[in-house]
Amino acid sequence: MTLAGDSTAGGPARLPVGPFGKHGPLVTRLGFGGIPIQQLPEADAVAVVRKCYNAGIRLFDTAYGYTNSEERIGKALAGVRDEVFVITKSPARDRETLRTHFETSLRRTGFERFDVFLFHNVVSHDHLSAILGGADLMGWMRRQQEAGRVGLIGISSHRAETAVDCLKTGEFAAVEFPFNYLEDQALPELLPLARETGTAFLAMKPMAGGALSSGRAAIKWLMAQPDVLAIPGMMTLQQVDEAVAAATGEPGLTPDEEAAIARDRRELSGTFCRRCGYCLPCPQGIEINTVVSSELFLNRAGWQRANEAYLKMLEHAIDNCQQCGECEARCPYYLPLSELVKATAVRVAEKVRARLGRQQADMGR
Ligand code: SF4
Ligand code: SF4
């Protein structure tokens, strides 16, 4: 088997490589997740993607839904398309939308083909039925495959039971699923099934949306899991360096990294929001995921980030949450949002008010 790409064989950093399931080529086990570059100015985004390529990364993940991400990845990799392995996705439930999304993805990137197409976020049997049954989305994608416009076809999902059912159909060559040292619901069944069926396993959210305290420990933990490919989102050149250093460094966790993992497991279990956004929108316009992850965010990013506007956002949740439970029904992690949204907003707003009050008193002195 050859590395997707070629002669660069893992690139200058000698990243570990592994097969993309039983149907794919060898790829670098450290890939690039295309969500965070949406927030950057275009030149910076292109520079980050290019840096990944120069560092040896050959696996790139994007999606129709990631706004400008496809275009930026296309620009960064235009001259090296044959050396990289590129994945895109669409959440379409009908053929016309699927066709529009897929054609748009090709046009945005400027590529003639994708190496992998994933049906995006398949978390219900209705969606699976649309793919394999009535709407026969798979039939349309198979024709793209025959025409050489896509290599392999798979799914992404946030629900282990649905992902397992998808893999059992034998129709999918790849599965992308949240996987990190805190979110390991793929371990008992999904990952073993992926291994058994030769389905490529892509670990999305390898750093739990930035919530894990040690990115290095997170990457090393994933590299220690056989057959797992990791696609962390990266948005700075430094993050690329750190991820590559973690993937190419001494395997095995240091005592400090073990301690960081143990601490995160202790502090972030239970009501930990993964920021997937599936709870949105709230009928009252509450920024649910921002509210429920606010304390963790401020603890990590610094409480100076909580300004008047931030306090207003929390107060809007306190005043308007009807505790209707709509968001709770949509949360794939079963967080008790009917209670949690309001309770978190009350607790964090109190701390922010105290801090802003102190600041004003200091200024008045
Ligand atoms: S509250 Fe649940 S659904 Fe909403 S972002 Fe967090 S984990 Fe996702
Ligand atoms: S429980 Fe509160 S935050 Fe959730 S959808 Fe209802 S009003 Fe919005």
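Up top you'll find the structure we're talking about.
First, a word on what this report is: a plain description of the structure on this page. Given the structure is predicted, the values throughout are model-derived calculations rather than measurements. Throughout this document, residue positions are counted from 1 along each chain, in the order its sequence is written. To read the labels, note that chains go from A and ligands from 1, taken in the order they are written. Where totals are concerned, whole chains, interfaces and linings use all residues; where local detail is concerned, this predicted model gives features only for residues with pLDDT of at least 70, and gives and counts side-chain atom pairs only at 80 or more.

## Some remarks on the site of ligand 2
Near ligand 2 you find 15 residues, and of these Cys282, Cys321, Cys324, Glu326 and Cys327 are the closest. Put simply, DSSP marks the helices as runs of H or I at least four residues long and the strands as runs of E at least two long, and each gets a number from the N terminus on. Elements with a minimum of two residues in the shell around ligand 2: α14 (326–330) and α15 (337–364). It is α15 that provides the largest number of residues to the shell around ligand 2, a total of three residues. Lys, Arg, Asp and Glu make up the charged group, whereas Ala, Val, Leu, Ile, Met, Phe, Trp, Tyr, Cys and Pro make up the nonpolar group; the residues left over, Gly among them, are polar. Looking at the shell around ligand 2 residue by residue, the class counts come to nine nonpolar, five polar and one charged. Using a C-beta atom placed from the backbone, a residue is scored as near a molecule or strand whenever that atom is within 6 Å of it.

## Some thoughts on the site of ligand 1
Every one of the 14 residues lining ligand 1 counts as a neighbour, but Cys273, Cys276, Cys279, Asn289 and Cys331 are closest to it. By residue number, the principal contributor to the shell around ligand 1 is helix α11 (residues 288–292), which donates three residues. Here the shell around ligand 1 is built from residues that sort into ten nonpolar, two polar and two charged.

## Details of the pairing of strand β6 (residues 114–119)
Look at any regular strand and the pattern is simple: side chains alternate between the two faces of the sheet. Most of β6 sits out of view: six of its six residues are buried. Only when DSSP finds a minimum of two bridges between them are two strands counted as paired. For strand β5 (residues 85–90) and β6, the ladder comprises four bridges, and the chain directions are parallel. Bridging across to β6, Lys89 finds its partner in Leu118. Tracing the backbone out of β5, into helix α3 (residues 95–109) and back to the parallel element β6 gives a crossover that is right-handed. Of the strand pairs in this sheet, β6 and strand β7 (residues 150–156) are connected by five bridges, and their pairing is parallel. Any residue whose C-beta has 12 or fewer other C-beta atoms within 10 Å is treated as exposed, any with 20 or more as buried, and any in between as partly exposed, C-beta atoms being built from the backbone. The definition of a right-handed crossover adopted here requires that, viewed with the strands pointing away, the path from the first strand over the helix to the second runs clockwise.

Spatial relationships are all this shows, so hold off on functional conclusions.
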